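Residue strings, one per chain:
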Amino acid sequence: MDRLHFFTPVRIARGQGYPLEEVDSVSEAMVFLRKWPTGRRGPVYQCAVNCCSAAMSGKMSAEEARKAFVGFARITRLLDDDMALPLGGASTDNVYALRR
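Our subject in this report is the structure included herewith. (Residues numbered from 1 in each chain as written. Predicted model: local features only at pLDDT ≥ 70, side-chain atom pairs only at ≥ 80, totals over all residues. Heavy atoms only, no water.)

Per the secondary structure count, the chain includes 5 helices and 2 strands. When the helices and strands of the chain are listed from N to C terminus, the series reads β-β-α-α-α-α-α. The burial tally for the chain puts 33% of its 100 residues in the buried class. Of the contacts made within the chain by residues no fewer than 6 positions apart, 47% connect residues no fewer than 24 positions apart. In the structure as shown, the chain presents an accessible area of about 6,500 Å², 53% of it carried by carbon and sulfur atoms. (Helix = DSSP H or I, 4+ residues; strand = E, 2+ residues; numbered from the N terminus. Buried < 20%, exposed > 50% of the residue type's maximum accessible area, 1.4 Å probe, protein only. Contact = heavy atoms within 4.5 Å. Areas by Shrake-Rupley, 256 points an atom, 1.4 Å probe, with all protein chains shown as cover.)

Below, the structure is given as structure tokens:
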């Protein structure tokens, strides 16, 4: 496995009518981020870009970059709801209460 691949892909849901996208690596995350509209690029976006760049240059692990990309996807409401659920059978009521 390439050192820039994620252990678990990040699933992006753009909304109804759009297929789910899976981002499997740091380079795929960078492609996604580069296409993000300029007017919507804030500090969370910049953090994700910086972390992906650091991973590509070997200064950070792919999993650390993945965490930053997941944070970006969550903040922008693109993270597939299934990705936000904790492991271990916690109820979805608790998860959604935390997200409010």
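Still more ground to cover, so stick around.
Looking now at helix H2 (residues 43-56). Helical periodicity: at 3.6 residues per turn, an α-helix aligns residues three or four positions apart in one direction. Here H2 spans 20 Å end to end across 14 residues, near enough to the 20 Å set by a 1.5 Å rise per residue. Of the residues making up H2, those classed as buried are Tyr-45, Ala-48, Val-49, Cys-51, Cys-52, Ala-54 and Ala-55. In the core, the buried residues of H2 are packed alongside helix H1 (26-34) and helix H3 (62-75). (Expected span 1.5 Å × (residues − 1).)

This part takes up the pattern of salt bridges. For the structure on display, the rule yields 2 salt bridges. Across the pair Arg-11 and Asp-80 runs a salt bridge whose closest N-O atoms are separated by 2.7 Å. With Arg-11 in strand E1 (residues 5-12) and Asp-80 in the loop between H3 and helix H4 (81-84), the pair connects residues that are 69 residues apart, well separated along the chain. The buried category is assigned to Asp-80, whose relative accessible area is 11%. A salt bridge links Glu-21 to Arg-14; its shortest N-O distance comes to 2.5 Å. (Salt bridge = Lys/Arg side-chain N within 4 Å of Asp/Glu carboxyl O.)

Backbone geometry places Arg-77, a non-glycine residue, at a positive phi of 60°. Structurally, the position occupied by Arg-77 is in the loop between H3 and H4. You can call Arg-77 exposed: its relative accessible area is 75%.

Keep in mind these values describe shape, not function.
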